[in-house]
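Per-entry structural report
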Amino acid sequence: MTDEQEKAGPESIKVGVLGAGGRMGAEVCRAVEAAADMKLVATVDQDDWLVNAAEAGAEVLVDFTTPDVVMDNLHWCIDQGIHAVVGTSGFTEQRIEKVRGWLADRPDVGVVIAPNFGLGAVLMMQFAARAARYFESVEIVEQHHPRKLDAPSGTAMHTARLVAAARAEAGLGPVPDATTDEIAGARGADVDGVRVHAVRATGLVAHQEVLFGTTGETLTIRHDSYDRVSFMPGVLLAVRAVRNRPGLTLGLDALLD
Ligand SMILES: NC(=O)C1=CN([C@@H]2O[C@H](COP(=O)(O)OP(=O)(O)OC[C@H]3O[C@@H](n4cnc5c(N)ncnc54)[C@H](OP(=O)(O)O)[C@@H]3O)[C@@H](O)[C@H]2O)C=CC1
Ligand SMILES: O=C(O)C1=N[C@H](C(=O)O)C[C@H](O)C1
């Protein structure tokens, strides 16, 4: 029996990758192929038919495509009864509500959507949420490679929402800022009252700083992904978990506890 035949055994999780030719998709294909308990059964790119993934028997589809196509992909997966692990950015509250609606009709299907699959990034967000109540000032600086399509990053948006929620719970008011005469964009984007700055530069992969300030001190929480391999343990963890987690799981946090 060849290695491939052995991996196709009934115990293997049959995985398809959407956006397989992209930077993340290609890395996911390599990680799935290297995993002893998974088999890569379908790779789908822009001009391929999604139905091929269903015909190939994919049980879990991993989506690293683009914010403009991910919703159609996800709707199709749920309709087909295929579990989904989604890393693609662009998930607003409205999008999440739509996904919940689709899942209400297919309670057997599991979907994991994570703004960041890097373990360090997940901890960075948790630490930021924990620190938020103690500091009157906070700003987020995300830094990425220049071929990234969206800004601010999904990670930065998610962090800003977590920090804003923690501030609100602690009864903190608006972040102090006396700026009046501002050139558009100079103070970054306002995400739930938290300023987010997006840097794009060749040489970067994915990085984020959360800068907190209060009287006489600052705290900086920083995470760096230097290589997309950093996201793979989180992706594989989600692929292994999603079949046994019907409904929507947001973020890796619940899978790490
Ligand atoms: N959650 C996380 O941990 C991470 C999330 N990301 C997110 O993942 C997404 C992808 O990032 P990245 O890999 O760098 O981007 P890429 O642009 O390298 O990859 C996107 C891929 O999707 C393909 N694609 C476009 N439309 C479709 C479609 N309809 N069906 C199938 N495939 C399609 C593209 O093909 P073509 O090139 O032909 O258009 C391309 O190969 C982004 O939203 C990014 O923010 C990235 C890193 C980590
Ligand atoms: O496009 C990327 O590269 C990344 N996208 C995700 C995001 O938007 O947060 C995750 C990570 O930052 C890498």
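Everything numeric in this text was worked out from a predicted model, so none of it was measured. (Residues numbered from 1 in each chain as written. Chains lettered and ligands numbered in written order. Predicted model: local features only at pLDDT ≥ 70, side-chain atom pairs only at ≥ 80, totals over all residues. Heavy atoms only, no water.)

1. Quick look at the environment of Thr43
This is how it is decided: Helix numbers and strand numbers start at the N terminus; a helix is a DSSP run of H or I with at least 4 residues, a strand a run of E with at least 2. With a 1.4 Å probe rolled over the protein chains alone, any residue whose accessible area is under 20% of its type maximum counts as buried; one over 50% counts as exposed, and the rest are partly exposed. Any two residues whose heavy atoms approach within 4.5 Å at even a single point are treated as in contact.
Relative to the assigned elements, Thr43 resides in strand S2 (residues 38-44). Taking relative accessible area as the criterion, Thr43 reaches 44% and is therefore assigned partly exposed. Distance from Thr43 to Met157, taken between C-alpha atoms, is 29 Å for residues 114 residues apart in sequence. Apart from residues lying up to four places away in sequence, Thr43 is in contact with Val17, Ala20, Cys29 and Asp48.

2. A look at the pairing of strand S9 (residues 206-214)
Note the cut-off: Criterion used throughout: strands pair if DSSP finds at least two bridges between them.
Bridge count between strand S6 (residues 137-144) and S9: eight bridges; the pairing is antiparallel. Paired with Val138 across the two strands is Phe212, which belongs to S9. Note: S9 against strand S10 (residues 217-225), nine bridges, orientation antiparallel. When the sheet's bridge partners are listed, Leu211 is paired in S10 with Thr220.

3. A short note on the packing of helix H4 (residues 70-80) against helix H5 (residues 93-105)
This is how it is decided: Lines fitted to the C-alpha atoms define the axes, with helices restricted to the stretch that makes contact. Angles between their N-to-C directions range from 0 to 180 degrees. Convention used here: angles under 35 degrees read as roughly parallel, angles over 145 as roughly antiparallel, angles from 65 to 115 as roughly perpendicular, and any remaining angle as oblique. What makes a crossing left-handed is the near helix being turned counterclockwise from the far one by less than a right angle; a clockwise turn instead makes it right-handed.
H5 packs onto H4 with a crossing angle of 15° between their chain directions and a minimal axis gap of 10 Å. Our classification of the angle between H4 and H5 gives roughly parallel. Of the two elements, H4 crosses H5, and the hand of that crossing is right-handed. Touching Val70, Met71, Leu74, His75 and Ile78 of H4 are Arg95, Lys98, Val99, Trp102 and Leu103, all from H5.

4. Details of the site of ligand 2
Selection criterion: Note on definitions. A residue lies near a molecule or strand when any single heavy atom of the residue is within 4 Å of it. Residues adjacent in sequence count toward polar contacts only when both atoms are side-chain atoms; beyond that, a polar contact is any pair of N or O atoms within 3.5 Å, and within protein one must be able to donate a hydrogen and the other to accept it. Shrake-Rupley sampling with a 1.4 Å probe provides the accessible areas, and residues are treated as covered by the protein chains on show and by no other component. Residues were grouped as follows: Ala, Val, Leu, Ile, Met, Phe, Trp, Tyr, Cys and Pro as nonpolar; Asp, Glu, Lys and Arg as charged; and all remaining residues, including Gly, as polar.
Lining the immediate environment of ligand 2, one finds Ser89, Pro115, Asn116, His144, His145, Lys148, Asp150, Ser153, Gly154, Thr155, Ala206 and Phe231. At 3.0 Å from an oxygen atom of ligand 2 is found a side-chain nitrogen or oxygen belonging to His145. In this structure, an oxygen atom belonging to ligand 2 sits 2.7 Å away from a side-chain N or O atom of Lys148. In isolation ligand 2 offers 320 Å² of accessible surface; the protein chains occlude 84% of this area. Of the residues assigned to the shell around ligand 2, the class counts are three nonpolar, seven polar and two charged.

5. Quick notes on the sheet that holds strand S3 (residues 60-63)
One open sheet holds the six strands; their spatial order is S2-S1-S3-S4-S5-S11, and the pairing between them is parallel. In this open sheet, the two edge strands, each paired with only one partner strand, are S2 and strand S11 (247-250). For this sheet, the mean angle separating the axes of adjacent strands, direction not counted, is 20°. Bridge count for S3 against strand S4 (residues 83-86) is four bridges, and the pairing is parallel. Bridge pairing in S4 links Asp63 to Val86. Strand contacts of helix H2 (residues 23-34): strand S1 (13-18), S2 and S3, with the helix running at about 155° to S2, the strand carrying the most contacts. The strands that H5 touches are strand S5 (110-113) and S11; relative to S11, the one it contacts most, it runs at about 150°.

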